[in-house]
Structures are given as C-alpha cells and as structure tokens.
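Here is how the chains run, residue by residue.
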Amino acid sequence: MNNQGERGPLAADYAELENKSWLTREIVDAAKIQRVNTIDGAEIVGRPATASKDYAGLIFPYFWPGDPHEREYRLRRDNPDLERRADGSIKEKDKYLGPRKSINRLYIPPGTPVEWLTDATIPVTFTEGEKKALALWRFYCDRGEKRLVIGISGAWNFRGVVGKVTNGKGKPQDISGIIFDFDRIEWRNREVLIVFDVNVLTDESVAAARRELAREVQRRGAVPYWVNLPTGIDGVNGVDDLLARCGPGFLAGLLATVTTVTESWESPSQFDEYDLPPFPVDALPDWLARYVEGLAITTQTPVDMAAMLGITNISSTLAGNIIIRVREDWTETPNIYSVTALEVGNRKTAVHSATSAPLKEKERELIRDAQQRISDAQVERDMLSASLEGLKKAAAKAIAKGDDEEFKRLTEKAKEIAGQLLEKTVPAVPKLIASGDITPESVASNLAEQGGRLLISSDEGELFQLLAGRYGNGANFEIFLKGHTGEEVRVDRRSRSEIIERATLTVAMTVQPDVLRSIAENPTFRARGLTARMLFTMPPSLVGRRSLTPPPLNEEARNEYHKRVKKLAALAPVENEDGKLIPRTVSLSADAVGYLLAFAEEIEPQLSEGGALRSIGDWANKLAGATARLAAIVHYADKAFEAGSIMEIPAKAVQRAILIARYLIPHAQAACAEMGVDPEIQDARKLLQWIETAKSSAESTFTRREAQRQNHNAFQKVTDLKPALTLLEAHGYIRPVDAGRRDSQKFEINPAVWRLAKTKIQHQGHGDSSDTSLTVSETPLTDKASTVTTVTVSPIPEIEFAASVNGSHPSVSSANREVFNL
C-alpha cells in the first residue's frame, strides 16, 4: 500500500466502529485499519480516481499469523455507488473493493498465534467480513476462550481462482476451487462454527454458500455447526451489529443453541417458487439501459419486460437488412422471438405501447411517404386495365366483322398491355408491425408484401392459439419456423405464386403464465422446434408493491430511445452487382468469435446425460446462435447513428450478449418447467405427491422398491426412479439412510414436507386473479431452528430444482462483468 497520504482512523471512525461494530480503539489499531482519501483509495484498489466515484474510506489489511507483512487489502468505501432497482428502491453497489486481479484470501485477526492454525483442539469460527471477525475476536478474548476466528470477504469467497491453464485456443483460462489458505490450516477432528449474516435465512444463495462451506470443512475431517442470528432486531445484520446492540451475554446464550449440520434438516426448495436472476441492464448500451430502467419505474413493472421488448423491437429493424457471419459455415439472422410471462394486471400493454411507439411512428412516416407512389401506381394500373378491356371489346367486334387482320393487331396489342399490367404492381402499404391476432396465412402474405420482414407484437397469448389451429385447421406454424432462420418461403396467391428469398420474422410477446402451461397441451410446438426458438423471460410480479405515484419517464431518455430506434428502422439492404437488394453481411471479429465459441464449449457438456441443460437441450442447442444475434442487436443499438457503416461486430458486443444469454438460461428452464416439458421434474412431483399423501411423520422412511411398487404406473422399473430421487435429495426433501442394494435402499423424509404441503404457495394463475402476488409464508430453515417469516413475491421456479443437481445455477454476477470488463 502506498504510504503517501495514509493515516489512522479519525475520531469519528473509532466512535462508529465501537458503537456499530463493537470494536475498541485497541483492536482497530492492532488490525492496522487505515483511513484513505479518494485518490489513495482509488490507487490501492486499482481504479481511476474520478469526480463521479468516491474511493475514500477505511482500508482493512490482511495478515497471515506469524507474518508481519500485509498480503492483501480491502477498501470499505464511505460513499459506495448507488443503483436504482426496478421497484424504485436504491441499493448500494461495490461498497467493499479489493485490488484488481487480487485473489480471495481468509481474514484472520492480527494477534492470532501461528500455532493455532495447526492445533486441531482449538475450535474455528467462520463469519462474513473483517469487522465481524474482529468483533468475534474481541468476544472470545474477553471470555478467555481460544478460538481461531476466520472472516471471509463474501459468502462464497472461500472459493476463488486457484490457478490458470492455457486452453485449446492458446488463451489463459482460470481454474476455480477452494482457496489455498484452507490448506494451511489443520481441519481433522476440529470443531467449526459458522456464523453468517441474518440474510442466510432469506437468501438462497447465501444459504447455499453456508451449506457448501460446511461440506468443505466436513470433507477435510472437521465437524461443522452453525447458528442462525435472530431476525427482527432493528439494525442487526451481522454478528458485529448483534454484539453492539445486544451485548456479549446475548451472543453467548445464542451460541449455546448451535445446530449440528450433519443431523439437521434444511428447508426443501419448493417447486412452486421461482428464484430467477434479474435482467443484466449493464449489458445494454447506456441510452437503452436508461430508457428501460426509467420505463420500468414509471410503469412500476419489472425491468426485464421493457428490456426484452426493447431488444426485440431493435431486432426487427435489423431483420432482412443484415446477415451475421460467425464463420464461413455459420451465419445467423438478427431477428429473435421473445416471450415474457407475467400475470394479468402487470401493465403489459402499457410497456408494449411505449417500447413499440417509435416503430409505429416510423410506420406512419413510411405510409405517408408512400401514398403518392401507391396512388400513381394504382392509376397506371387502372389505365392499363381499362386499355386492356377496350382492346378486348374492339377485338370482339373485329371477329364479328370477320376482319382477321384487325383482330390479330388488336390481340398483339392486348398481349403487350397484359404484360405491362403483369409487371405493374401496386406497392403494398408499408407495415412494420402486426398484432398478435394475425393468422399464419396472413403472416406469409404480409411477409411477401413487405419484402420478407415483419414484427409481430402482442400483449396477449392469442398467437399460440392461432398457431395451434384455433379454427380447426390443425397446427400451422411452418412460416414461424422458416421465418426465424431466414429461409426461402413460397406464398401461393390466387393470381400467382410468390417466392420470399429470405423470410425474417420477429416476435415480441407478453403472455400470462397460463399460456405457457397451455403449450404443454400441444406437444407439436416442442417437437417441431418452435419453443426452442423462443427467448423466455419470467420476471417477478410487482403487484402489491407498486408505488402509486411513480416519477414520470425522463423526457430525454424517451426522446433518445425514439430517435435511435427510428434511425435503425431506416436501415436498408444494399445493392449487389446486379442491382438487386440483399442484406449486408456483418462478421464477428476474431476475438468475438473466440468468446462465442468458448461460451458454446461451456454449454456443450451440460447437454449430456445428467447435465444441467439436458432437459432443455433443444433450446440450449440454439443458444450460441441466439447469442450471436443478441451481440448484433446490442452493437447496432450502441452505434445506431453509425449503423450503415458497421462492418464488424466486436468482442465487447459478444461479451454483453453472453451476459444476457446467461440470464436467459434459468428463465428458459423455468418456462419449460411451466410448460411441463421437463420429465424429470414431472416425475419428482409425482413422487413427492405420493410421499405427502402415503407417508407421515410417524412413518418417515421408504425404500426404493416400495416407491416403485406404489407408483408403478409412473415408474415401470426401479431404475426409472433414479432421476426423481436425485432431484428430491438435491432439494432437501429426502436423504439416503444407507447404501444397501439398489432396489432396497432406504430414504428418510424431511419432516418439513408435511408442513410445506399445508402451506404451499400456488402458482399465481391457479387462484383468483384479483389476488395480489404478495404472499407471506412461514418457512422453517431447519427442524431445530426458530421459524422465520419470509415474504415471497411471485413464484420461484423449477429451474432452481432442475439446475442444482449438478451444482450449477447459471446467473449473471459481478464476476461476469469483471471478466468482460463491462
């Protein structure tokens, strides 16, 4: 650390650390906590000092017992960045920062004897953060207890980068795992207590981190325990707050109620809840991010809906105008099909209208500009038609008179006029947007009239009914399959047949979740690949939590959105050597291709048997292509006023698109679960239903053979049970009692199963539509812990259920943004 400008904490710092975190001046000085100004703070963490970002704050140096030299630093900023959530609340961002490219390390309070690291008779206490570790260090020292206190800088930061390799492309690739500091501590037969913050009871990610930390020390031979800090105490988030507010006596009593991890049950993950990542607004160009965030606040709707509709509208302006070349043998069209599922009352129409407004404005301008051209063509055609009719009548009279020469002359003239009439077509009225009640046949006709491009924008699910053959004609969505990939389409008209060389269709839909469930009734949608082409979003409903007086949409953000979308809507194809209009080809840069292929390689093993994406393999197989399309969309959006000169899509655009793709993965899994297309989830539900009804807390075990016999219609063989049992075990509903034979293996049932069966939260669409989505449920976190009241807003999806079998839950994180330098 640069000593220039470094100084000890101010008097106010000492007072705050004592009053809020129970740290004495002696402990603060022993820990060598320093105050830095914004310039020094920025230098320490490797960020540029700017007027808009304040890096003043307290520096916490990291020491290893027995070594007086600092090995790492963390900065606690006085004024962290602020960001507005979709619900209008303000959240602090990047409050704690470490130096760039630093690795995760354990924080051990200075003064800890080095021999404690290897003395397994001395218990260990884990907590989150440096201040909490120092507060616990004081607590144990005051009580005369020997305790090795360890702070981790974040719930998951006992993991991190532990090495690098060169991948098959010759590029460095990180290796992640348990950080090396763990190898420097003796764990065998050691008691380990985990004291996480209060949100471990409400945040599944933090709860999962605690479980994994407990499993890790257990794998190393330790005996883990944990304690839940009490909820509902004002101002108490961590153990330091608790000590400052309630005193050491209160904590001592609480620590007497520790839970043995190996003997306790955790609350099972409910099938009827969804826990999906929010849309990564940082992946959008600034102007688009400002607009969709502002629109979400003004309409009090999830930002996901505005973001996906905005992206889709921009996609429609590129459709038919560009071709994306990934490699010589791989091209993509830029059009996408997006489907956002939200319950009735979530103002879908308002967001649809706002996001599509510039396209409708552009459409009106095109119609106005085309009126004279259409009128002129119609007059010319009418005159040719009248001339042809006159020639026909004159020819008939020539025949009546027996004048063969005149008849031949008139016939040749009529043929000439007929040829001119055939060539003289009246241009169609320009159309950029069609509503969702358009039939597949009309879609084809409109594509033919509009040069092969069309946006279908619908705030209802009627389109699915039409595709399924609402009028008794059977499923008919061939045009939607070909229109997604820009294929050739033949349109048969009464007077002639017409070929659309490149049909590019774009779809922007917002539907109720019930519509997704109705898709399951028509398996043809998936069998033919229609659902695999859709980018699903299932944001949480804000009904019941909305502000009744939200701020209006910033006029500058609105105007910028309109200007840029209309500019993109004016983009046109280019002429080839023959004077024919064709889409311009835009290639991905070499680095962009590298990022895209690396992402595709990451997806590939997850498609294998037992992989996290196996159940939606048809959708995931198209994800790399969808990512290329998203890259083109975000890049053209970013360079809207230079769109006509774009020749290459850079790596940054692909990096942004990958963030969106990672967001889409769990949403697609949730949507497919809604549609009932994941057989493993369906089997697990059947088995759980049997457990709830046929078993009880008095008879809380069953064998694999018993489960198969009682559910033989669903599971023909004992081995058919394996996926369902694996999912139920992964989500804490059951656990194996003994290995046994494969068919006689016994399982124990979580007692919470019967409590959850009584208080299960139903899908929003199953109840009264007038109900709000704000539901209060009591969810016990363990069978020994006190009951915690939690508020659940909107369903938390089966994606959590499906993905966690392989220990992977794809989501957008700050780490992604750091890797991609966004």
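Just so you know, these numbers come straight off a predicted model, no measurement behind them.

Quick notes on the rules
Residues numbered from 1 in each chain as written. Predicted model: local features only at pLDDT ≥ 70, side-chain atom pairs only at ≥ 80, totals over all residues. Heavy atoms only, no water. Helix = DSSP H or I, 4+ residues; strand = E, 2+ residues; numbered from the N terminus. Buried < 20%, exposed > 50% of the residue type's maximum accessible area, 1.4 Å probe, protein only. Contact = heavy atoms within 4.5 Å. Areas by Shrake-Rupley, 256 points an atom, 1.4 Å probe, with all protein chains shown as cover. 1 Å grid on protein atoms, 1.4 Å probe; cavity = no way out; pocket = protein on both sides within 12 Å on 5 of 7 lines; lining within 4 Å. Points joined across faces, edges and corners; volume = space filled by probe spheres on them. Pairing = 2+ DSSP bridges. pLDDT = per-residue confidence, 0-100. Phe/Tyr/Trp six-rings, centres within 6.5 Å; stacked < 30°, edge-to-face > 60°. Right-handed = clockwise from strand over helix to strand, strands pointing away. Salt bridge = Lys/Arg side-chain N within 4 Å of Asp/Glu carboxyl O. Nonpolar A, V, L, I, M, F, W, Y, C, P; charged D, E, K, R; others polar. Core = buried A, V, L, I, M, F, W, Y, C linked by side-chain atoms within 4.5 Å. Expected span 1.5 Å × (residues − 1). Axes fitted to C-alpha atoms, helices over the stretch in contact; angles between N-to-C directions. Parallel < 35°, antiparallel > 145°, perpendicular 65-115°, else oblique. Left-handed = near helix turned anticlockwise from the far one by under 90°. Lys, Arg positive; Asp, Glu negative; His and termini not counted.

Helix and strand counts for the protein stand at 27 helices and 31 strands. In the protein, buried positions account for 51% of the 822 residues. Within the protein, residue pairs in contact and separated by at least 24 positions form 71% of the contacts whose partners lie at least 6 positions apart. Entry remark: accessible area of the protein is about 37,300 Å², with carbon and sulfur atoms responsible for 48%.

Attention now goes to empty space enclosed by the protein. In this structure the tally under the stated criterion is three cavities of 30 Å³ or more. One number sums up the size of the second largest cavity: a volume of about 80 Å³. Elements with a contribution of two residues or more to the lining of the second largest cavity: α9 (303–318) and β18 (453–458).

Time to look at the sheet that holds strand β26 (residues 648–649). With respect to topology, four strands assemble into an open sheet ordered β15-β14-β25-β26, the strand pairing being mixed. The open sheet has two edge strands, β15 (330–332) and β26, and neither has a second partner. Direction of pairing for strand β25 (residues 584–588) relative to β26: parallel, over a ladder of two bridges. Looking at β26, one finds that Leu588 is bridged to Ile649.

A word on the confidence of the model for the protein. Of all residues in the protein, 85% have pLDDT values of 70 or greater, and the mean over the chain is 83. In the model, residues 1–6 has pLDDT below 50 throughout and makes 12 contacts with residues more than four positions away in sequence or in other chains. For the stretch residues 758–822, pLDDT sits under 50, and the model shows 159 contacts to residues farther than four places along the chain or on other chains.

With that out of the way, let us pick up the packing of aromatic side chains. Considering all chains together, one arrives at 13 aromatic pairs under this definition. When the ring of Phe126 is compared with that of Phe182, the centres are 5.9 Å apart and the planes differ by 15 degrees; the resulting orientation is stacked. Placement of Phe126 in strand β7 (residues 124–128) and of Phe182 in the loop between β10 (172–178) and β11 (191–195) is noted, with a sequence separation of 56 residues between them. The class for Phe126 is buried, based on a relative accessible area of 0%.

Here we come to the pairing of strand β8 (residues 148–152). Of all five residues in β8, five are buried, a share of seventy percent or more. Burial of the side chains of β8 extends over both faces: Leu148, Ile150 and Ile152 are buried on one face and Val149 and Gly151 on the other. As judged from the five bridges shared by β7 and β8, these two strands associate in the parallel manner. From the neighbouring strand, Phe126 faces β8, where its bridge partner is Ile150. For the crossover from β7 across helix α4 (residues 130–142) to β8, the handedness is right-handed.

Evaluation of the coordinates by the stated rule reveals 37 salt bridges. Across the pair Asp81 and Arg77 runs a salt bridge whose closest N-O atoms are separated by 2.9 Å. For the pair Asp81 and Arg77, one class covers both residues: buried. Between Lys415 and Glu412 there is a salt bridge; the shortest N-O distance is 4.0 Å. With a gap of three residues between them, Lys415 and Glu412 both fall in helix α11 (residues 404–423), about one helical turn apart. One salt-bridge network, held together by shared partners, links Asp13, Arg35 and Asp78.

Next up on the list: the environment of Leu410. Here Leu410 shows up in helix α11. Separated by 16 residues in sequence, Leu410 and Ala394 have C-alpha atoms that sit 7.3 Å apart. Not counting the four nearest positions on each side in its chain, Leu410 is found in contact with Leu391, Ala394, Ala395 and Ala398.

Its volume calculated, the second largest pocket comes out at about 1,000 Å³. Lining the second largest pocket we find 34 residues, and of these Gln450, Gly451, Gly452, Arg453 and Leu581 sit closest to its centre. At the level of secondary structure, the elements contributing two or more residues to the lining of the second largest pocket comprise α10 (348–401), α12 (440–449), β20 (497–500) and β24 (581–582). Among the elements that line the lining of the second largest pocket, the one with the most residues is α10, at four residues. When its residues are assigned to classes, the lining of the second largest pocket shows 18 nonpolar, six polar and 10 charged.

The subject of this paragraph is the nonpolar core. Phe279, Phe480, Leu516 and Trp619 are the most contacted members of the largest nonpolar core, which has 118 residues in total. Considering each element in turn, this core owes the most residues, 15 residues, to helix α21 (residues 651–674). Once residues lying within four places of it in the same chain are set aside, the contact partners of Leu516 are Val339, Ala341, Val511, Phe536, Met538, Ala671, Glu674 and Met675. Among the nonpolar cores identified, the runner-up in size contains 34 residues, and Ala133, Val227, Val239 and Leu254 belong to it.

Relative to strand β3 (residues 67–77), strand β2 (residues 57–64) runs antiparallel, the two sharing seven bridges. In the strand pairing of β3, Leu58 is matched with Arg76. In sequence, β2 turns back onto β3 through a hairpin of two residues, with Gly66 there showing a positive phi of about 90 degrees. Judged from the two bridges that link them, β3 and strand β6 (residues 96–97) form a sheet pairing that is antiparallel. Each bridged residue has a counterpart across the sheet, and for Leu75 the counterpart in β6 is Leu97.

Turning next to unusual backbone geometry. Look at Asp94: it is not a glycine, yet its phi comes out positive at around 55 degrees. Turning to its location among the elements, Asp94 is positioned in the loop between β5 (90–93) and β6. Within the chain, Gln300 stands out as a residue other than glycine whose phi angle is a positive 55 degrees. Mapped onto the elements, Gln300 comes out in the loop between α8 (286–299) and α9.

In this structure, Asp197 sits in the loop between β11 and α5 (204–219). Using a relative accessible area of 7% as the deciding quantity, one classes Asp197 as buried. In contact with Asp197, not counting residues within four places along its chain, are Glu128, Lys132, Asn237 and Gly238.

Next up on the list: α4. Taking 1.5 Å of rise per residue, the 13 residues of α4 would be expected to cover 18 Å, and the 18 Å separating its terminal C-alpha atoms lies within 8% of that figure. For α4, the tally of buried residues reaches 11 of 13 residues, placing the bulk of the element in the interior. Listed as buried for α4 are Glu130, Lys131, Lys132, Ala133, Leu134, Ala135, Leu136, Trp137, Arg138, Phe139 and Tyr140. Just downstream of α4 lies Gly144, where phi reads positive at about 75 degrees.

Glancing now at the packing of α8 against helix α17 (residues 555–569). It is the contact of α8 with α17, at a shortest axis distance of 9 Å, that shows an interaxial angle of 125 degrees. The angle between the axes of α8 and α17 places the two elements in the oblique class. For the pair α8 and α17, the crossing hand works out as left-handed. Judged by residue contacts, Trp287, Leu288, Arg290 and Tyr291 of α8 engage Ala557, Arg558, Glu560, Tyr561, Arg564 and Val565 from α17. Partitioning the contact of α8 with α17 into residue classes produces six nonpolar, no polar and four charged.

The strands that make up a sheet pair up through hydrogen bonds in the backbone, lying either parallel or antiparallel. As summarised here, the arrangement of the four strands in space is β1-β2-β3-β6, forming an open sheet in which the pairing is antiparallel. Edge positions in the open sheet fall to β1 (34–36) and β6, since each of these has one partner strand only. Helix-sheet contacts for α4 involve β2, β3 and β6, and the interaxial angle to β2 is about 65 degrees.

Residue placement: Lys131 occurs in helix α4. Here Lys131 is buried and forms no salt bridge, its nearest opposite-charge partner Asp240 lying at an N-O distance of 4.3 Å.

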